[in-house]
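As a plain string of letters, each chain reads:
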Amino acid sequence: MGLTIGVDIGGTKIAAGVVDEAGKILETSTVATPPTPEGVVDAIADAVRTVGAGTGTEAVGIGAAGYVDDKRATVLFAPNIKWRREALKDKVEQRVGMPVVVENDANAAAWGEYRFGAGQGHDDVVCITLGTGLGGGIIIAGKLYRGRFGVAGEFGHIRMVPDGLLCGCGSQGCWEQYASGRALVRYARQRATASPDQAEVLLALGDGTPEGIDGRHISQAARQGDAVAIDSFRELARWAGAGLADLASLFDPSAFIVGGGVSDEGDLVLEPIRKSFRRWLVGSRYRPHAQVLAAQLGGRAGLVGAADLARQG
């Protein structure tokens, strides 16, 4: 199969792109994400038809945030779009006249990185995305591992702290409450409240109050040497690295790939993650260590990965 289309469904926009066999995006189209579930289906179809016109594309891969069934056809549960057992494959196929594969967006991004990004040269890879929340994907022996029911890799909801912080999923102590963009902002606000003299740069970038701090301010302040901003990144990294150590005990990959917006800060966050990973890895002194690598594809990973999964069939 030659050219395929990848679709990445975001909270504010839906991106579609024509992707070749080398993972190169040739054409793109973007539409606003509608407020209704059925409107999203129509918008996906519109984006696919627009970007694919006259290109000879043969299949469509869709990355959706939520639980996707083992047949890669139905979105069982997508909290942000309010899909419940949404027969997305059938609905989009009827509209665009091409075969469609539906995949969890983090799985699609993991596959994109494995095939065309930081995972090249590795057969056993675990990816985590540190964004607003925490997602992930698993590659074992060169194949995407989805589990019996299609919902493996929901790392963000591993319980790291019994009876810990309340999570949006309804549980407590989930990993993403301690290692995510939301967690980073919480750490910074708490530390700025407790030690404002150590957060002068950080506070000045916002409105002067801890409540006015957001992720952009933390990144900029850390690059300027603000002690609270740097310490907030280190706290996030401590939890991220500890979680990777647990995943190493489960999957024993040769590489972890860290993506998502938080990872854009490079070694500011990656080096502390590596340090924490080594600290908490069981038998660390006596066993080989997986590499902890920065993702390479950025925001393109999900679209490219979805297109390639459609090509795989």
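To start, this report covers the structure provided alongside it. Since we're looking at a predicted model, the values are computed, not measured. (Residues numbered from 1 in each chain as written. Predicted model: local features only at pLDDT ≥ 70, side-chain atom pairs only at ≥ 80, totals over all residues. Heavy atoms only, no water.)

Another aspect to go through is the overall build of the protein. Check the secondary structure of the protein and you find nine helices and 13 strands. Computed over C-alpha atoms, the radius of gyration of the protein comes to 20 Å, within 12% of the 20 Å expected from 2.2 N^0.38 for 313 residues, which places it in the range of a compact globule. Its C-alpha atoms put the protein at 60 × 50 × 35 Å along the principal axes. Out of the 313 residues in the protein, the part that is buried amounts to 53%. Counting only contacts in the protein whose residues sit at least 6 apart along the sequence, the fraction spanning at least 24 positions is 62%. (Helix = DSSP H or I, 4+ residues; strand = E, 2+ residues; numbered from the N terminus. Rg over C-alpha atoms; globule rule 2.2 N^0.38 Å. Buried < 20%, exposed > 50% of the residue type's maximum accessible area, 1.4 Å probe, protein only. Contact = heavy atoms within 4.5 Å.)

Before going further, it helps to examine the pairing of strand S6 (residues 75-78). As judged from the two bridges shared by strand S5 (residues 67-68) and S6, these two strands associate in the antiparallel manner. Paired with Tyr67 across the two strands is Phe77, which belongs to S6. As consecutive antiparallel partners, S5 and S6 are separated by six residues, and within that stretch Arg72 has a phi angle of approximately 55 degrees, a positive value. As defined by bridge partners, S6 adjoins strand S7 (residues 83-86) across three bridges and the pair is classed as antiparallel. From the neighbouring strand, Ala78 faces S7, where its bridge partner is Trp83. Here S6 hands over to S7 after four residues, with Lys82 in that stretch at a positive phi of 65 degrees. (Pairing = 2+ DSSP bridges.)

In the contact formed by helix H3 (residues 105-116) and helix H9 (residues 301-312), the axes pass within 7 Å of each other and the chain directions differ by 80 degrees. As judged from the angle between their axes, H3 and H9 are roughly perpendicular. Here H3 contributes Ala108, Ala109, Trp111, Gly112, Glu113, Arg115 and Phe116 to the contact with H9, which in turn contributes Ala301, Gly302, Val304, Gly305, Ala306, Asp308, Leu309 and Gln312. Partitioning the contact of H3 with H9 into residue classes produces eight nonpolar, four polar and three charged. (Axes fitted to C-alpha atoms, helices over the stretch in contact; angles between N-to-C directions. Parallel < 35°, antiparallel > 145°, perpendicular 65-115°, else oblique. Nonpolar A, V, L, I, M, F, W, Y, C, P; charged D, E, K, R; others polar.)

Looking now at the packing of helix H6 (residues 215-223) against helix H7 (residues 227-251). Following both chains from N to C, one finds H6 and H7 inclined at 110 degrees, their axes separated by 7 Å at the closest point. By the angle between their axes, H6 is roughly perpendicular relative to H7. Crossing geometry of H6 relative to H7 is assigned as left-handed. Facing Ile218, Ser219, Ala221 and Ala222 of H6, the residues of H7 in contact are Ala229, Ile230 and Phe233. Residue classes in the contact of H6 with H7 are distributed as six nonpolar, one polar and no charged. (Left-handed = near helix turned anticlockwise from the far one by under 90°.)

This next bit is on the state of the cysteines. A full pass over the atoms with the stated rule returns zero disulfides. With no disulfide partner, Cys174 has as its closest neighbouring cysteine sulfur the one in Cys169, 3.7 Å distant. Judged by relative accessible area, which is 0%, Cys174 ranks as buried. (Disulfide = S-S within 2.5 Å.)

Everything listed is a geometric property; what it means functionally is a separate question.
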